[in-house]
Amino acid sequence: MTKRRKAVVAVTAGLATISLGLSVTSAAGAAPETTTLGNLKLIKTKTSLLGKHYWYQQTFKGLPVVNGYYAKHETKAGGVEIADGRDAIPVDLDVSTKVPAATATSSANSVVSARAARARIAGPHKDAVPAPTATQGAAQLAVVGGKDARVVWKVTSKSAEGVSQSLVDAKSGTVVESKVISQNVDGHGSVFDPNPVVSEKNEKLTDQNDKNQDALFLAQKNVILRNLDGSGKLNGTYVNITEAKGGVAENTNNNFVYQRANNKFEQVMAYYHVNQTQEYIHQLGFTEVNNESQDFSINTFAGDNSFYSPDDDMITMGEGGVDDAEDAEVIWHEYGHAIQDDVVPGFGSNVPAGSIGEGFGDYWAVTMSEPVSKGFELPCVMDWDATSYTSTEPHCLRRTDTGKTTDDIVGEVHDDGEIWSNALWDINRALGRTKANKVILEATFFYDPDTSFAAAAQDTVQAARLLYGKPAAQQVTDAFKARKIL
């Protein structure tokens, strides 16, 4: 684009008022000009120590001009400076469209996804989780000025690269420009994955009051921390470490490698494992399952408990016994509550729904462990955290294969949740991890906040039928019948 960038001109106070309807005009008797600078729309007024600043968006026929701006800076001393960044636009430019917004969005996302995939392949780091496909925000109609003036759809997309902006020709559908506009960066960290009991296949490990140990050092794994926002903190697209005992971790080089005795180790655990979860959910095709930066409070609760609060959308990780955030299955369980509260506002308002919530959290912890556990005690939930309060091996807070049915209901959400988690685990075994998790997440969108076991099961069967047909629906039905839910 040819633009009068930073054309700063000092003018007198008497010229402080500018016209909002500016265009290029010809001298009297001359042929009409073929281009215009369009109009200006005030979009922001800021006050600084030295004066006031007015920012205008260049527009043409009511549409914003991409990167077209005009600024007026009024100093307290009475001076005015103008910065003109407008582009010339053909007067007769047709702003009607032939390509609908949805088509433009799809084209833009395809370009962004392909670029993100190429970047992942070419990069030095590889991961078990493939790059999720791009997801979009709203497509906005706009105008590109200059010698290649045209009407475009401006599409915002999210991908593994961060946030991208694409310009799609609204006549031809060609993606004329696509670039990353966010500041997302990769960092480095060290974590347990999912926890030392599982990775080392060692039920004899103990916490020893948060002491560094050779056996636990061997369990640490160096990882890439994706989607960081570049602030030097553990904040990013899907995770925001809001507060933590000893202060939030900070590093200007985004290097967050700590041993487990350091309280900041648990912050890295929360960031890495939730980011992995969201990338996996996007890989499944879901773009609105807690698709936000989830707030975490790490090691700020002295008891041996962690919890999700729907009131402030915060997950708090406790530090009693084994620090809860040292076990990824505790993180994933609590994140399961955040998922359901995001999809179904107010979910869990009665005991059956609350039990489904606890059961789903346990199941989610187990299914997220599947790719890294190598089959070691998969149905055992929170193997490492449980070493501080169980004496029998394997150490499990709960299990997803207890064989419980509705005959075993006692009216306590964690105990009754084992009925639901067992059904979900059986669905996983029958359909496979990918299909099962698509069905389970899709069904959640149809839950009522005060749903029952039977109603939620029927929603899940219906999701299976619509996604994968009658045979899959029958397998899901059989899983719920085995628990006497249906």
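Heads up: the structure comes first, above all this text.
Residues numbered from 1 in each chain as written. Predicted model: local features only at pLDDT ≥ 70, side-chain atom pairs only at ≥ 80, totals over all residues. Heavy atoms only, no water.

K.L.:
Provide a residue-level description of the overall build of the protein chain, including the pertinent values.
P.N.:
Secondary structure summary: the protein chain contains ten helices and 20 strands in total. Burial statistics for the protein chain: of 486 residues in total, 49% are counted as buried. Here the protein chain displays about 21200 Å² of accessible surface, and carbon together with sulfur accounts for 52% of that area. (Helix = DSSP H or I, 4+ residues; strand = E, 2+ residues; numbered from the N terminus. Buried < 20%, exposed > 50% of the residue type's maximum accessible area, 1.4 Å probe, protein only. Areas by Shrake-Rupley, 256 points an atom, 1.4 Å probe, with all protein chains shown as cover.)

K.L.:
Before we move on, can you summarise the packing of aromatic side chains with the specific residues and values?
P.N.:
Scanning the model with the defined rule gives ten aromatic pairs in all. With 5.2 Å between their ring centres and 35 degrees between their planes, Trp-420 and Phe-480 make a pair best called tilted. Here Phe-480 lies in helix 10 (residues 470–482) and Trp-420 lies in helix 7 (residues 413–431), a separation of 60 residues in the sequence. The burial state of Trp-420 is the same as that of Phe-480; both residues are buried. Site record: aromatic cluster; members linked through ring pairs are Tyr-280, Phe-360 and Trp-364. Sitting over the face of the ring of Tyr-54, Lys-72 holds its NZ or CZ atom 5.0 Å from the ring centroid. (Phe/Tyr/Trp six-rings, centres within 6.5 Å; stacked < 30°, edge-to-face > 60°. Lys NZ or Arg CZ within 6 Å of the ring centre and 35° of its normal.)

K.L.:
Break down the pairing of strand 16 (residues 294–301) for me, citing the residues and quoting the values.
P.N.:
Bridge count between strand 14 (residues 239–244) and strand 16: five bridges; the pairing is parallel. Following the sheet pairing, Val-239 is matched in strand 16 by Gln-294. Relative to strand 18 (residues 314–318), strand 16 runs parallel, the two being bridged by five bridges. Within the sheet, the bridge partner assigned to Ile-298 lies in strand 18 and is Met-317. (Pairing = 2+ DSSP bridges.)

K.L.:
Quick rundown of helix 5 (residues 328–343)? Include the residues and the values.
P.N.:
Spanning 16 residues, helix 5 covers 22 Å between terminal C-alpha atoms, matching the ideal 22 Å at 1.5 Å per step. Among the 16 residues that make up helix 5, 15 are buried, leaving the element largely enclosed by the rest of the structure. Put simply, Asp-327 is the residue that caps the front of helix 5, since its side-chain oxygen is 3.0 Å from the backbone nitrogen of Glu-329. (Expected span 1.5 Å × (residues − 1). Polar contact = N/O pair within 3.5 Å; in protein donor to acceptor, adjacent residues only side chain to side chain.)

K.L.:
Which residues make up the pattern of salt bridges, and what values do they have?
P.N.:
Summed over the entire model, instances satisfying the criterion amount to 21 salt bridges. In this structure, the salt-bridge partner of Asp-169 is Arg-150, at a minimum N-O distance of 3.0 Å. Of the two residues, Asp-169 is situated in strand 10 (residues 162–169) and Arg-150 in strand 9 (residues 150–159); the sequence distance between them amounts to 19 residues. The partner of Glu-279 in a salt bridge is Arg-226, and the shortest N-O contact between them spans 2.3 Å. Separated by 53 residues along the polypeptide, Glu-279 in helix 4 (residues 264–283) and Arg-226 in strand 13 (residues 221–228) bring together distant segments of the chain. Because the salt bridges share partners, they merge into one network encompassing Asp-207, Asp-210, Arg-260 and Glu-326. (Salt bridge = Lys/Arg side-chain N within 4 Å of Asp/Glu carboxyl O.)

K.L.:
Tell me about the sheet that holds strand 16, and please be specific about residues and values.
P.N.:
In spatial order, the strands read 14-16-18-17; together these four strands make up an open sheet with mixed pairing. Single-partner strands in this sheet number two, and they are strand 14 and strand 17 (307–309). Between one strand axis and the next, the sheet turns by 25 degrees as a mean value, whatever way the strands run. Relative to strand 18, strand 17 runs antiparallel, the two being bridged by three bridges. Each residue of the ladder has a partner; that of Phe-307, found in strand 18, is Thr-316. Contacts from helix 4 reach strand 14 and strand 16, with the element oriented near 160 degrees to strand 14. (Axes fitted to C-alpha atoms, helices over the stretch in contact; angles between N-to-C directions. Contact = heavy atoms within 4.5 Å.)

K.L.:
I'd like a rundown of the environment of Val-95, residues and numbers included.
P.N.:
By secondary structure assignment, the location of Val-95 is in the loop between strand 7 (89–90) and helix 1 (101–122). Discounting residues that sit within four places of it in the chain, Val-95 has contacts with Phe-60, Lys-61, Leu-63, Leu-141, Val-143 and Val-151.

K.L.:
I'd like a description of the state of the cysteines, backed by residues and values.
P.N.:
Inspection of every chain in the model, using the stated rule, returns one disulfide. Shown here is the disulfide that connects Cys-380 with Cys-396, its sulfur atoms set 2.1 Å apart. Torsion about the S-S bond of the Cys-380 and Cys-396 cystine: about -120 degrees, corresponding to left-handed handedness. Highlighted residues: Cys-380 in strand 19 (residues 380–381) and Cys-396 in the loop between strand 19 and strand 20 (398–399), separated in sequence by 16 residues. When sorted by exposure, Cys-380 lands in the same class as Cys-396, which is buried. (Disulfide = S-S within 2.5 Å.)

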